[in-house]
Amino acid sequence: MADFSLSRAIRWDTVVGALLIVVLLLSFGTVDGFGNALNLSFLIGNTLPIAMIALPMTLLVVSGEIDLSVASTAGLSGAVMGALWNQGMTIETIIPICLVLGVVCGLINGLLVTRLGLPSLAVTIGTLAAYRGIAQIVLGSDAVTDFPTQYLDFAAGRIGDTFIPYAFLPFLVLLAIAVVALHATPFGRSIFATGASEEAARFAGIRVKRQKLILFTVTGLMASLTGIFWALHYASARYDNATGLELSVVAAVLLGGIDFDGGKGTLGGAIAGVFLLGALQNVMSLQDVSAQSQIVVTGVLLVLSVLGPRVARQISVARAGRRAASAPVSKAPSPAS
Amino acid sequence: MTHPSTTGPAPVLALRDISKSFGAVRALRDVSLELFPGEVHALAGENGAGKSTLIKTLAGVHRPDAGQVLLDGEPVVFHGPGDARDAGIAVIYQEPTLFPDLSIAENIFMSRRPRRALGRIDHRATHEATLALMQRLGVELDPDRPARGLSIADQQIVEIAKALSFDARVLIMDEPTAALTGSEVARLFGVVRTLREQGAAVLFISHRLEEIFQICKRVTTLRDGAWIASEPLDGMTEDDLVRRMVGRDLDELYPKQDVQPGEVALSVRRLTREGVFTDVSFDVRRGEIVGLAGLVGAGRTEVARAVFGIDRWDAGEVEVDGRKLTSGAPSTAMASGLALVPEDRRAQGLVMDMSIERNIGLTGLRTTVKAGLMDRGAERSRSLDWAVKLQVKYARIADTVNTLSGGNQQKVVLAKWLATGPRVLIVDEPTRGIDVGTKAEVHRLLSELAADGVAVLMISSDLPEILGMADRVLVMHEGRLTAEIPRSEATEETVMAAATGRAAA
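Residues numbered from 1 in each chain as written. Chains lettered and ligands numbered in written order. Predicted model: local features only at pLDDT ≥ 70, side-chain atom pairs only at ≥ 80, totals over all residues. Heavy atoms only, no water.

As annotated in an unreviewed UniProt entry, chain B carries the name D-ribose transporter ATP-binding protein and is attributed to Streptomyces caeruleatus. UniProt, in its Subcellular location (unreviewed entry) section for chain B, records the words "Cell membrane". (UniProt positions renumbered as here; feature names shortened; annotations may be inferred.)

You'll find chain A entered in an unreviewed UniProt entry as Autoinducer 2 import system permease protein LsrD, with Streptomyces caeruleatus given as the organism. What UniProt states about chain A under its Subcellular location (unreviewed entry) heading is, verbatim, "Cell membrane".

Shown next, in the form of structure tokens:
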């Protein structure tokens, strides 16, 4: 799908994809309880929130920005959903309200970054705290669990006896949209250009600020949708839902070969990174690896993911050099003598 | 000062049959060079001829695969830039890298500052040593002034002073004049002459041939990594030198065609950006090449940026073919048929990590589209078409532009904008830092575009280029348009007089 020009180099997104397949095959063979449909549906269901936010996050990071407030937006969205449900509103009214709220959260981030020229890292660390704080004000320490059964069933259930959760199907649609948007539209092309050189993008007539505002807004929208899914999937709306999820998303996206400096990466790689992390966590849980150790493994993977693409690039550069050096070259006569 | 000759004094630095390859690319093949004390020696060659590799070999950045570097007749091996510096070799780059928050004196004596008892830094001694260096160079710069805000010319002086503080005997100046104005070049040459009289050897690189003839005694020419000749400049003409560099006779450098100007295509009225430029009005007609001259900092680039919409303007208006443009909106400027080839091709003109194909494609994001999706085939053929038309030299269209030489990068920028079919083309320093062969090609191209009815506004600090190419010359001084000079009356004197504010036109 995506062929940005790291031609002939070993492409990191391919490496991650291959690694995902290897991990899956090994786990099928060696880990008890991994291969059954129920476990696989859990794996996918638990990974979906990360995957959903990873879609817009990938676009954002490629454009050279980042949003760390996504988990707080998701938490806020869930908290508002719980509070309004307690007020007796119908879920069909609540969900659009929450989505609009997510759009507003994203717009605030986007406006602070594009209008005031603040770095997105700083802005979204700030709103990370602010949105989570508002969530706590809205819902306090309540947990709302009595959402309508058909919604809970949709968010937690799977198609018959297969390993595919219902929610995976709409996700595939969103994935397809994101892949096309990033890799096949003029908008996606301008995202890559902006991430690689914002100034050159501006001089090519690309409306960089508008583009970034759109990306932050879509990210807020997706974060909010994820918050709704989270509350329904785990049948619990609490102010601290999805706490720390932003780090999992960023880790997975980086693991998938999205360059933190912007301008490089593919959505396929990012999603492979997401599910690689998800699969490893699932396997570790099945093997009774403690939660603390799981965090260590995630951390090590993150460092490797930053290192990996560089090493891959260097190997291919060195290879090209060797190939060239072994080519015969004729000795020219000395002009000085 | 002694006259350098092979039988006279020994060369302070010599290269013997140096070869260096990068992969399959033989950057240098058996290159020899001798530098004598008290000599300014030119290194000439087109982009890609091997000048940079040679400099980096002398500076200890690269180690030669074969051949010897001789210092005072003794073979030496530089394991790094530090070795070369300790041997008395200093390189002054085109764009110096000083620490902006440190003073001039601190930059010069970085990490080697005179100490007093208890290891305290002796500010007074640092200050005085710097003053002494400045006096040696014959320039007045306040040692305590921070480097931030110094002009490139002043920064180079600081670098030269730094080199002297290391007792450098060999100074390598890599295109030092590329970003300097006429008077700054004159001052730099004064400094170079002072150094020469004090017995230093200077290796001087410039794409401006007249400068080579002005300041250098001998010239060594490289072509495609090979040594072509080392010879005195006395008795040589610019044409002789160009022939050595390109290996053939060059087409005319300024192939300006006579064109009858048509109707007004670009009209700028009372344009003002507060504190930057004021009340700028001019027209450019179809078929015309209008030169915009002035000193660096006079506001020429800023006017171009505002017209194209990169920066906002505070007052005035801009019309392209009678349609008013919005302030601060490059996309509407583009849609109206305006194109800007910016001054800094690496930062502004190109996305360096992107392919040639995609860089040219960036201006076609609205046109090479089918049903909302990128039309890859159309994008590729549009890019290929223009890359071929402008004779860009590349291996594959999917290669990133940072693999290209400077001249070819500039052609990609031109291709990117010509592909939009502009009615008005603004070019800012279109030939800065590119070799003489490519320069002639760019000039021919601009001339053809004008003949085809494009209105061209050409900003340039290269006065011969302005005089050779422009139908009319506009001159800016301190943010204002101070003169409009027709081709027949434009000379170095009239343009420089207006640029320095000495004469009101």
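Tallying secondary structure elements over chain B gives 17 helices and 22 strands in all. In terms of C-alpha radius of gyration, chain B reaches 24 Å, essentially the compact-globule figure of 23 Å for 505 residues. Taken along its principal axes, the extent of the C-alpha atoms in chain B is 70 × 50 × 50 Å. A buried classification covers 56% of the 505 residues belonging to chain B. (Helix = DSSP H or I, 4+ residues; strand = E, 2+ residues; numbered from the N terminus. Rg over C-alpha atoms; globule rule 2.2 N^0.38 Å. Buried < 20%, exposed > 50% of the residue type's maximum accessible area, 1.4 Å probe, protein only.)

Here we take up the overall build of chain A. On a plain count of helices and strands, chain A comes out with 13 helices and zero strands. For chain A, the α and β elements follow one another from N to C terminus as α-α-α-α-α-α-α-α-α-α-α-α-α. In terms of C-alpha radius of gyration, chain A reaches 22 Å, essentially the compact-globule figure of 20 Å for 337 residues. Sorting the 337 residues of chain A into buried and exposed places 52% on the buried side. Sequence-distant contacts in chain A: of pairs separated by 6 or more residues, those separated by 24 or more amount to 77%. Summed over all atoms, the accessible surface of chain A reaches about 14,900 Å², with 68% contributed by carbon and sulfur. If the 19 positive side-chain charges of chain A are averaged to one point and the 17 negative ones to another, these points end up 18 Å apart. (Contact = heavy atoms within 4.5 Å. Areas by Shrake-Rupley, 256 points an atom, 1.4 Å probe, with all protein chains shown as cover. Lys, Arg positive; Asp, Glu negative; His and termini not counted. Charge placed at Lys NZ, Arg CZ, Asp CG, Glu CD.)

Next up on the list: the domain arrangement of chain B. All names here are of chain B. Here chain B is described as being made up of domain 1 (13-98 + 150-247) and domain 2 (263-337 + 422-500). Here the C-alpha centre of domain 2 lies 34 Å away from the C-alpha centre of domain 1. Listed by partner, the interface residues are eleven residues for domain 1 and nine residues for domain 2. When domain 1 packs against domain 2, close to 940 Å² is buried across both sides, 59% of that on carbon and sulfur atoms. Three residues, Asn47, Thr181 and His207, lead the burial of domain 1 against domain 2; their summed loss comes to 37% of the area buried on that side. Across the domain 1-domain 2 interface, the total number found is zero salt bridges. Taken together, domain 1 and domain 2 are joined by zero residue pairs in polar contact (both at pLDDT 80 or more). Classifying every residue of the side of domain 1 that touches domain 2 gives five nonpolar, three polar and three charged. (Domains from an automatic or database assignment. Buried area = accessible area lost by both parts, 1.4 Å probe. Salt bridge = Lys/Arg side-chain N within 4 Å of Asp/Glu carboxyl O. Polar contact = N/O pair within 3.5 Å; in protein donor to acceptor, adjacent residues only side chain to side chain. Nonpolar A, V, L, I, M, F, W, Y, C, P; charged D, E, K, R; others polar.)

Once that is clear, we can look at the UniProt feature "transmembrane region" (unreviewed entry) in chain A. Residues and elements named next belong to chain A. If you check UniProt for "transmembrane region" (unreviewed entry), the listed places come out as residues 12-31, 37-61, 94-114, 121-143, 163-182, 213-236 and 291-312 in our numbering. Span residues 37-61 is 100% helix and 0% strand, its end C-alpha atoms 34 Å apart. Between the C-alpha atoms that bound residues 291-312 the distance is 31 Å, and the span itself is 100% helix and 0% strand.

Another point: the nonpolar core. Nonpolar side chains in soluble globular proteins tend to be buried together. Grouped together as the largest cluster of nonpolar side chains are 98 residues, with contacts concentrated most on A:Met81, A:Phe147, A:Phe171 and A:Phe275. Looking at which element gives the most residues to this core, the answer is helix H2 (residues 37-62) of chain A, with 15 residues. Every residue in contact with A:Phe275, bar those within four places of it in the chain, is listed here: A:Leu20, A:Ile44, A:Thr47, A:Ala51, A:Phe168 and A:Phe171. Of all hydrophobic cores here, the second largest spans 78 residues; its members include B:Ala265, B:Ile397, B:Leu404 and B:Val424. (Core = buried A, V, L, I, M, F, W, Y, C linked by side-chain atoms within 4.5 Å.)

This part covers the layout of surface pockets. A volume near 680 Å³ is recorded for the second largest pocket. When contributions to the lining of the second largest pocket are tallied by element, the ones reaching two or more residues are helix H4 (91-116), helix H9 (198-203) and helix H10 (208-233) of chain A together with helix H10 (330-335) of chain B. Of the residues assigned to the lining of the second largest pocket, the class counts are eight nonpolar, six polar and ten charged. (1 Å grid on protein atoms, 1.4 Å probe; cavity = no way out; pocket = protein on both sides within 12 Å on 5 of 7 lines; lining within 4 Å. Points joined across faces, edges and corners; volume = space filled by probe spheres on them.)

Residue and element names in this part refer to chain B. By the definition in use, this model includes three cavities of 30 Å³ or more. Its volume calculated, the largest cavity comes out at about 170 Å³. Lining the largest cavity are 16 residues, and of these Arg208, Thr431, Arg432, Gly433 and Asp462 lie nearest its centre. Classifying every residue of the lining of the largest cavity by side-chain character gives two nonpolar, seven polar and seven charged. Two domains each donate at least three residues to the lining of the largest cavity, and these are domain 1 (13-98 + 150-247) and domain 2 (263-337 + 422-500).

Moving on: H10(A). Along an α-helix, a turn takes 3.6 residues, which lines up residues three or four apart on a common side. Residue and element names in this part refer to chain A. The first and last C-alpha atoms of H10 sit 37 Å apart over 26 residues, in line with the 38 Å expected at 1.5 Å per residue. Most of H10 is tucked away: 20 of the 26 residues are buried. Downstream of H10 by one or two residues, Ala235 has phi in the positive range, about 50 degrees. (Expected span 1.5 Å × (residues − 1).)

We now examine the pattern of salt bridges. Tallied over the entire structure, the rule returns 34 salt bridges over all chains. Between A:Arg238 and A:Asp240 there is a salt bridge whose closest N-O contact spans 3.0 Å. When its relative accessible area of 28% is taken as the criterion, A:Arg238 is described as partly exposed. A salt bridge links B:Asp462 to B:Lys439, with the nearest nitrogen and oxygen atoms 2.7 Å apart. Of this pair, B:Asp462 sits in the loop between strand E20 (455-459) and helix H16 (463-469) while B:Lys439 sits in helix H15 (residues 436-451); the two residues are 23 residues apart in sequence, bridging distant segments of the chain. Here B:Asp462 matches B:Lys439 in class, with each residue buried.

Residues and elements named next belong to chain B. Ordered by their spatial adjacency, four strands build an open sheet running E12-E11-E14-E15, and the pairing between neighbours is antiparallel. Either end of the sheet is taken by a strand with one partner, and the two such strands are strand E12 (277-285) and strand E15 (323-324). Here strand E14 (residues 315-320) pairs with E15 via two bridges, running antiparallel. Counted as the bridge partner of Val320 is Arg323 from E15. Along the sheet, helix H9 (residues 300-308) makes contact with strand E11 (264-273), E12 and E14, crossing E12 at roughly 70 degrees. (Pairing = 2+ DSSP bridges. Axes fitted to C-alpha atoms, helices over the stretch in contact; angles between N-to-C directions.)

A separate point is the confidence of the model for chain A. Of the residues in chain A, 91% reach a pLDDT of 70 or more, and the chain-wide mean stands at 89. Confidence drops under a pLDDT of 50 for residues 1-8 of chain A, and excluding neighbours within four residues, the segment shows 25 contacts in the predicted structure. (pLDDT = per-residue confidence, 0-100.)

Next up on the list: the environment of A:Tyr239. Residues and elements named next belong to chain A. With respect to the element layout, Tyr239 can be found in the loop between H10 and helix H11 (245-255). Taking the C-alpha atoms as reference points, Tyr239 and Thr185, separated by 54 residues in sequence, lie 38 Å from one another. Sequence-distant contacts of Tyr239, defined by excluding residues within four places in its chain, comprise Gly75, Ala79, Arg132, Ala135, Gln136, Leu139 and Gly140.

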